[in-house]
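Commentary on secondary and tertiary structure
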Amino acid sequence: MPADLIVGIDLGTTNSLIGAMDAGFPILLADAEGRRLTPSVVYFPESGEPVVGRAAEPSRTRAPERTVYSVKRLMGTRTGEVDTADLSYRTGGAAGGPARVRIGAEERSPEEISALVLKKLKADAERALGAAVSRAVVTVPAYFNDAQRQATKTAGELAGLHVERIINEPTAAALAYGLDKLGDRSKIAVYDLGGGTFDISILELNAGVFQVLSTNGNTRLGGDDIDTALAEHLARQLAAMVPEFNLNPASPALRAEARRVKIELSDATETQARIDYKNHRTLFTRLTRAEFESVVLPVVEKTRSHCLRALADAKLAPGELDAVILVGGATRMPLVRALVAEIFGREPDTSQNPDEAVALGATIQAGILSGAVRGVVLLDITPLSLGIETFGGLTNVIIPRNTTIPTKAGEMFTNAVAGQRTVRIHVVQGEREKAADNWTLGAFELDFTAGTRGSARVGVQFEIDTDGILHVLARDTKTGEEKVVEMRSAVDVSDAQVEQMIAESVDHAFEDYHARLLVETQLKSREMLPAVRHALELAGAALPIDARANIDALTAEVAAALEGEDLERLKAANAALDAGTQELATLLMEQAMDEALERRGVV
């Protein structure tokens, strides 16, 4: 194999795959048993080495508390942010710290567990290729935030892999479909419903360049949620048949049967669920596809709003798309395919294996980086706006949502008060006007020379690299003092669902706009009041008593309006004070001119 070999890896919630380029074609590599799909499952026996992949699957029911699955959902999260209702193993970690998985008396990070899956993929690839593997392209959901992307990169490093590039799963899938199927200037939608996450991306292929036009999704929506809904339904159905039935819907046995039924009903129109119960008793219940679809429809229906938002962000109508492609095992369900056809007004392209498309795309991207694939360029985007907190707690956006990455942007800021010696750079991610309503990615302080208000000049630059990792630079332009911080700590980043942020930005658009106007108007008031007081002192007795009394009344009204949150009253008070101080401004200007002339000896 070539020395510049780079493999492509789909590190999935349910299954993972690895591939490499061979004679210009992407191939997925099988394990010793000839299977390309490796379950993302790790069993930790009480003694001995961890068991990874297909061999660990039976332990989900035999030793559920020691078998870890769907760990991708825990990547880059903090304790208290994890929904553990459908997990059979325990989670832990210090309060407010990174989430961890508890196995017996030990705790392991999600990155360590993912690294075990990656190590197995690496070993399978080395056996198949007959060569060492040390470089990889790894995919992540489009809506993984910065901490989750960094956690994925860390898992790769723990597995002995240098992660050359992290790319979004829908983008990888588009590479797999589009490299040889779509013509120039093609626009496609990638609907990716996997085991734990949902992504929808709109991409354009133009002369070999893939560009993401928009992306949307939910990092807590996938096949696992379909399993949960079906397991709950089966539990209710069996309880109706056998009143003493009290098996928890989250039990590994019931969830395993729900998964089997889900898969079977993707092809069959009817099946039978079987649950081993107490005293060696086996319970059976029939389930039709129609009944199954009615149970899981609310879960699948959640993807609709994300699809519509992605189209709106791309400024496209469904009829302007050239293709809609499906990714993820859950898209095998007829219900999902029917919903996609309804949303986009066309039948989806099912020519690729939905389980393998992402891994194939990762392999092609690896080929692009190694030079094995030429004539294709991949341009990705950032799914949420990035900015810093400014005066009044507002968000100043530096890199807008849907900006093509890699990218770099910056702005100049100044000090808010006189004598200030440090500035706090509070980096946020989100679409809300107030920084407090967005997610904190991190914060740090930069020292600068003290001076009058507005005298400092602090440049802030954001750079998003090809992996989607954010680097923030802050520099005092006078002294050259600077700090560069990589926003990568899981403790500093919330894992709140991205789609909730976008939905909230839409739901609260009017009140957010009102809040921004109020804050900006308040800032103006707070600037005007001391300036007017200082001007009155300068004017002294030269200002007529009635004019001074009028200005005093106007400033009192501004101060009173500042006590409340009546925007219109405050705007009116500001405008009145601005108009009412025209005579004062004219007087001060005349005084300044007289003083200047006197200094020159003109008067």
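First, a word on what this report is: a plain description of the structure on this page. Keep in mind that this is a model prediction, so the values were computed, not measured.

About the thresholds
Residues numbered from 1 in each chain as written. Predicted model: local features only at pLDDT ≥ 70, side-chain atom pairs only at ≥ 80, totals over all residues. Heavy atoms only, no water. Helix = DSSP H or I, 4+ residues; strand = E, 2+ residues; numbered from the N terminus. Buried < 20%, exposed > 50% of the residue type's maximum accessible area, 1.4 Å probe, protein only. Contact = heavy atoms within 4.5 Å. Areas by Shrake-Rupley, 256 points an atom, 1.4 Å probe, with all protein chains shown as cover. 1 Å grid on protein atoms, 1.4 Å probe; cavity = no way out; pocket = protein on both sides within 12 Å on 5 of 7 lines; lining within 4 Å. Points joined across faces, edges and corners; volume = space filled by probe spheres on them. Lys, Arg positive; Asp, Glu negative; His and termini not counted. Salt bridge = Lys/Arg side-chain N within 4 Å of Asp/Glu carboxyl O. Expected span 1.5 Å × (residues − 1). Arc of directions from axis to C-beta. Core = buried A, V, L, I, M, F, W, Y, C linked by side-chain atoms within 4.5 Å. Phe/Tyr/Trp six-rings, centres within 6.5 Å; stacked < 30°, edge-to-face > 60°. Lys NZ or Arg CZ within 6 Å of the ring centre and 35° of its normal. Pairing = 2+ DSSP bridges. Axes fitted to C-alpha atoms, helices over the stretch in contact; angles between N-to-C directions.

**Digging into the overall build of the protein chain**
From N to C terminus, the protein chain includes 14 helices and 28 strands. The buried share of the protein chain, taken over its 603 residues, is 53%. Counting contacts in the protein chain only where the partners sit at least 6 residues apart, residues at least 24 apart contribute 66% of the total. When the accessible area of the protein chain is evaluated, it comes to approximately 26200 Å², of which 50% is carbon and sulfur surface.

**Thoughts on empty space enclosed by the protein**
Applying the stated rule across the entire model yields 8 cavities of 30 Å³ or more. Empty space within the largest cavity amounts to approximately 140 Å³. In this structure, the largest cavity is lined by 17 residues; those nearest its centre are R149, T382, P383, Q429 and G468.

**Some thoughts on the side chain of D31**
Topologically, D31 is positioned in the loop between strand 3 (25-28) and strand 4 (38-39). Buried charged residue D31 carries no salt bridge. Nearest counter-charge: K120, at 4.2 Å. Non-local contacts of D31, meaning those with residues more than four positions away in its chain, are made with K120, D124 and R127.

**A few points about the environment of L287**
Relative to the assigned elements, L287 resides in strand 17 (residues 281-288). Given the relative accessible area of 0%, L287 is considered buried. In this structure the C-alpha to C-alpha distance between L287 and T61, which are 226 residues apart in sequence, comes to 22 Å. Residues within four places of L287 in sequence aside, it is in contact with L230, H233, Q237, V261, L265, E270, T271 and F292.

**Examining helix 13 (residues 567-580)**
Helix length check: helix 13, at 14 residues, gives a terminal C-alpha distance of 20 Å against a target of 20 Å (1.5 Å per residue), a fit within 8%. Turning to helix 13, its buried residues are L567, L570, A573, N574 and L577. The buried side chains of helix 13 occupy one side of the element, clustering within an arc of 130 degrees when seen end-on. Of the exposed residues in helix 13, those oriented more than 90 degrees away from the buried face are E568 and A579.

**Focus: the pattern of salt bridges**
Taken as a whole and judged by the stated rule, the model has 24 salt bridges. Across the pair K120 and D124 runs a salt bridge, and its minimum N-O distance is 2.8 Å. Note that K120 and D124 are positioned in helix 2 (residues 110-129) at a spacing of 4 residues, about one turn of the helix. By relative accessible area, which is 11% here, D124 ends up buried. E301 is paired through a salt bridge with R304; the nearest N and O atoms lie 2.3 Å apart. Here E301 pairs with R304, and both are found in helix 7 (residues 289-314), just 3 residues apart, close to one helical turn. Each of the salt bridges in this network shares a partner with another, and the network as a whole consists of R100, R102, E107 and E112.

**With respect to the nonpolar core**
Side chains that are nonpolar tend, in soluble globular proteins, to be buried together. By size, the foremost hydrophobic cluster in this structure holds 46 residues, and its most contacted members are Y191 and F344. When sequence neighbours within four positions are dropped, the list of residues in contact with F344 reads A189, I200, C307, L311, P318, L321 and V324. Within the second largest apolar cluster, 44 residues are counted, among which are V7, V117, V140 and L161.

**Re the packing of aromatic side chains**
A full pass over the atoms with the stated rule returns 2 aromatic pairs. For the ring pair Y69 and Y89, a centre distance of 5.4 Å and an interplane angle of 85 degrees mean the geometry is edge-to-face. Here Y89 lies in the loop between strand 7 (67-69) and strand 8 (90-92) and Y69 lies in strand 7, a separation of 20 residues in the sequence. The residues Y69 and Y89 share a single accessibility class, namely buried. Cation over ring: R60 sits above Y69, and NZ or CZ is 3.9 Å from the ring centre.

**Re the sheet that holds strand 21 (residues 395-399)**
What the 4 strands build is an open sheet, ordered 21-20-24-25; its pairing is antiparallel. Strands at the two margins of the open sheet, each flanked by one partner only, are strand 21 and strand 25 (439-447). The sheet shows a mean angle of 30 degrees between the axes of neighbouring strands, taken without regard to direction. Where strand 20 (residues 386-389) meets strand 21, 4 bridges bridge the pair, whose relative direction is antiparallel. Across the sheet, G387 pairs through a bridge with V397, a residue of strand 21.

**Examining the pairing of strand 13 (residues 186-193)**
If a strand is regular, its side chains alternate between the two faces of the sheet. For strand 13, the tally of buried residues reaches 8 of 8 residues, placing the bulk of the element in the interior. Of the two faces of strand 13, both are covered, the one formed by S186, I188, V190 and D192 as well as the one formed by K187, A189, Y191 and L193. Two strands pair when backbone bridges link them, and strand 13 and strand 14 (residues 198-206) are joined in this way by 8 bridges, in the antiparallel orientation. What sits directly across from D192, in strand 14, is D199. In this antiparallel pair of consecutive strands, strand 13 and strand 14, the connection spans 4 residues. Where strand 13 and strand 18 (residues 323-327) come together, 5 bridges link them in parallel fashion. Its bridge partner lying in strand 18, V190 is registered against I325.

**Quick word on unusual backbone geometry**
Even without being glycine, S70 reaches a positive phi, approximately 50 degrees. Of note, S70 is situated in the loop between strand 7 and strand 8. Of the residues examined, S70 reaches a relative accessible area of 6% and is grouped as buried.

**Digging into the environment of F448**
Tracing the backbone shows F448 in the loop between strand 25 and strand 26 (458-464). Every residue in contact with F448, bar those within four places of it in the chain, is listed here: N415, Q420, R421, T422, V423, A456, V458 and D476.

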